[in-house]
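# Chain and residue survey
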Amino acid sequence: MATGDDNALPEITESYDVIVVGAGAAGVGVAIAIQHTGIKNFLLVDRESVGASFASWPDETRFITPSFPSNSIGMLDLNSIAIGVSPAFSMRIEHPTGKEFATHLQSLADYFELPVKDKTDIIAIEKHEEVFHLKTNSETLIAKNIVWAAGEYQYPTQGGFIGSELCIHTSSVERYGEMDGDDFLIIGGYESGIDAAYHLARNGNNVQVLDANCPWSEESSDPSIALSTFSFERMLDDKFKSNVELYAETRVKSVTLEGNTYHVTTEDDTIFETKTQPLLATGFDGSHKFVSHLFEERPDGFPSLTEQDESTIVPGMFLCGPSVRHDGHIFCFIFKFRQRFAIVAQAIASSFKLPTEEFIEAYKGWGMYLDDLSCCGQECLSC
Ligand SMILES: Cc1cc2nc3c(=O)[nH]c(=O)nc-3n(C[C@H](O)[C@H](O)[C@H](O)COP(=O)(O)OP(=O)(O)OC[C@H]3O[C@@H](n4cnc5c(N)ncnc54)[C@H](O)[C@@H]3O)c2cc1C
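Note that the structure is a prediction, hence the values are computed from the model and not measured. (Residues numbered from 1 in each chain as written. Predicted model: local features only at pLDDT ≥ 70, side-chain atom pairs only at ≥ 80, totals over all residues.)

## Quick look at the overall build of the chain
Helix and strand content of the chain: 10 helices and 17 strands. Expressed as lengths along the three principal axes of its C-alpha atoms, the size of the chain is roughly 60 × 55 × 35 Å. Taken across its 383 residues, the chain has 42% of its residues classed as buried. Counting contacts in the chain only where the partners sit at least 6 residues apart, residues at least 24 apart contribute 66% of the total. (Helix = DSSP H or I, 4+ residues; strand = E, 2+ residues; numbered from the N terminus. Buried ≥ 20, exposed ≤ 12 C-beta atoms within 10 Å, placed from the backbone. Contact = placed C-beta atoms within 7 Å.)

Structure representation (structure tokens):
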């Protein structure tokens, strides 16, 4: 991120109590919680539009977590981002596609009349005299607090090996059904890799999946670590079983293009050949790297946060979404990170001396307020 100098600041246009950056699942969800506390002078900005990351998923990719209309007994739909809301009920779909979920997020932004400012790419953030300056190419927005909710999807990992630029990341695929070729090689065998393999195999292609570890036999019950039930079920599909070869403990060292053949070389010098561009399913760096100057870094590279998900070094700078980490707890699914929206909203509302007791009661009642992390862990058959 550019540090810039004051002479270069674009015109200051507007000033807010809170600006939420990113109108994805986290940004829309935390904006609704902020609105529920009674804060009025806030803004939700997005470089594209509400739900832009979901809208750019490959057409065939679906949610792995199921939606079910369980709200009537106080169990919030797993894919809901707001109290009382159920994507299952409103969409009648159990595993929505990214595009369907983007439409759902837009309908929530409309329903709650959130103050959304789209086509607003934040290219730099600085703090001057207790307020944040958020720069775009054309203006500078001012805020007392920022909630960074810019997600991970638009910040993919390129793989970290020689020749990775010859590959195509799964986040750049528009539709697996339209990919040319009949033999595919996927680097990375966690959710995105298995998703890609499933669709390509169903279309009659042969697929090889290489992973440095062995995600499909991971013993953990935490879906942030092990494959989801949805993916395990897909792996039982006849076409998956006949067309997909899984290679565990197979770390890629380099990719080269010789003539019209890609050579994928692993650390033990095995060479896999493919005529089609290898697919990278190597995950995401995450947008928190973009604001790393505003957070202390944990040893694992994720931002260090207070118990309110605020920066430990820059007061007023909050983080929401899948990059939130506390000790060993990973908040990378909606049903996990949504439980921190109210914590952030409460912290900001309290700084403006707004009462939050009723708000907290409501969020606790819906299982949307997780402040005691000692209860979190893995499912355990013997407990
Ligand atoms: C293939 C796949 C399947 C998944 N399946 C599930 C699932 O079944 N269940 C589940 O819970 N999770 C699932 N996830 C994870 C889930 O999609 C993410 O955790 C979720 O999208 C995170 O939401 P977010 O709001 O943090 O980020 P995003 O949805 O990426 O939203 C971030 C927003 O910020 C905007 N933005 C980014 N940078 C800037 C900037 N500098 N200035 C302004 N705006 C900016 C973007 O345009 C975007 O709209 C899946 C992820 C993938 C990749």
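Additional details are given in the paragraphs that follow.
## What about the domain arrangement of the chain?
The domains assigned to the chain are domain 1 (6-154 + 285-375) and domain 2 (164-280). Counting residues at the interface gives 10 residues for domain 1 and 15 residues for domain 2. Partitioned by chemical class, the residues of the side of domain 1 that touches domain 2 number 6 nonpolar, 2 polar and 2 charged. (Domains from an automatic or database assignment. Nonpolar A, V, L, I, M, F, W, Y, C, P; charged D, E, K, R; others polar.)

## Describing the site of the ligand
In the region of the ligand, 35 residues are neighbours, and Gly22, Gly24, Ser53, Gly151 and Gly321 sit closest. Looking at the shell around the ligand, the elements that each hand over two or more residues are α1 (25-37), α2 (52-55) and α5 (191-202). In terms of residue class, the shell around the ligand is built from 18 nonpolar, 11 polar and 6 charged. Two domains each put at least three residues into the shell around the ligand: domain 1 (6-154 + 285-375) and domain 2 (164-280). (Near = placed C-beta within 6 Å.)

## So, the nonpolar core
If you look at the biggest cluster of nonpolar residues, it comprises 70 residues, and the most contacted ones within it are Ile19, Val28, Val30 and Cys320. Ranked by the residues each element gives to this core, the list is headed by α1, at 8 residues. If sequence neighbours within four positions are ignored, Val30 has contacts with Val20, Val147, Ala149, Cys320, Phe341, Val344 and Ala345. Ranked by size, the runner-up nonpolar core spans 29 residues in total, among them Val173, Phe184, Ile194 and Leu227. (Core = buried A, V, L, I, M, F, W, Y, C linked by C-beta atoms within 7 Å.)

## A word on unusual backbone geometry
Even without glycine at this site, Glu130 takes up a positive phi of about 70 degrees. Tracing the backbone shows Glu130 in the loop between β4 (124-128) and β5 (131-135). By the C-beta count within 10 Å, which is 8 here, Glu130 ends up exposed.

## Quick look at the packing of α1 against helix α9 (residues 341-351)
Contact geometry for α1 and α9: axes closest at 9 Å, N-to-C directions at 40 degrees. Classified by the interaxial angle, the pair formed by α1 and α9 is oblique. The two elements α1 and α9 cross, and the hand of that crossing is right-handed. Contacts between α1 and α9 pair Gly29, Val30, Ala33, Ile34, His36 and Thr37 from the former with Phe341, Ala342, Val344, Ala345, Gln346, Ile348 and Ala349 from the latter. (Axes fitted to C-alpha atoms, helices over the stretch in contact; angles between N-to-C directions. Parallel < 35°, antiparallel > 145°, perpendicular 65-115°, else oblique. Left-handed = near helix turned anticlockwise from the far one by under 90°.)

## Thoughts on the sheet that holds strand β13 (residues 271-274)
Reading across from one edge, β11-β12-β13 is the order of the 3 strands in this open sheet, with antiparallel pairing throughout. Of all strands in the sheet, those bounded by a partner on one side alone are β11 (252-258) and β13. Direction aside, the axes of adjacent strands within the sheet are offset by 20 degrees on average. (Pairing = 2+ DSSP bridges.)

## With respect to the environment of Gly321
In this fold, Gly321 is placed in the loop between β15 (317-319) and β16 (325-326). Taking the C-alpha atoms as reference points, Gly321 and Ile334, 13 residues apart in sequence, are found 7.8 Å from one another.

## Details of the sheet that holds strand β10 (residues 244-247)
Read from one edge to the other, the open sheet built from 5 strands follows the order β7-β14-β8-β9-β10, with strand pairing classed as parallel. The sheet is open, and its two borders are formed by β7 (168-169) and β10, each paired with just one other strand. As paired strands, β7 and strand β14 (residues 279-280) are joined by 2 bridges and run parallel to one another. Opposite His169, over in β14, you have Leu280 as the bridge partner. Along the sheet, α5 contacts β8 (183-187), β9 (206-210), β10 and β14; its crossing angle with β9, the most-contacted strand, is approximately 170 degrees.

## As for the pairing of β8
With respect to burial, β8 is a largely interior element, 4 of its 5 residues being buried. Examined bridge by bridge, β8 and β9 share 5 bridges and lie parallel to one another. Looking across to β9, one finds that Ile186 is bridged to Val209. As for the winding sense of the linkage, the β-α-β connection from β8 through α5 to β9 is right-handed. Sheet topology places β8 next to β14; 2 bridges connect them, and they run parallel. Looking at the pairing, Ile187 lines up with Leu280 of β14. (Right-handed = clockwise from strand over helix to strand, strands pointing away.)

## Considering the confidence of the model for the chain
Overall, the prediction assigns the chain a mean pLDDT of 93, with 93% of residues at 70 or greater. Note on residues 1-6: pLDDT under 50 across the span, and 11 contacts to partners over four residues away in sequence or across chains. Predicted confidence is poor over residues 379-383, with pLDDT under 50, and the contacts of this stretch with residues over four places away or in other chains come to 1 contact. (pLDDT = per-residue confidence, 0-100.)

## Re α5
In this model, α5 (12 residues) spans 16 Å end to end at C-alpha, consistent with the 16 Å of a helix rising 1.5 Å per residue. Within α5, 10 of the 12 residues are buried, leaving the element largely enclosed by the surrounding structure. Check the buried side of α5 and you find it contacts β8, β9, α6 (229-234), α7 (238-243), β10 and β14. Taken from the residues just after α5, Gly204 is the one with a positive phi, measuring 90 degrees. (Expected span 1.5 Å × (residues − 1).)

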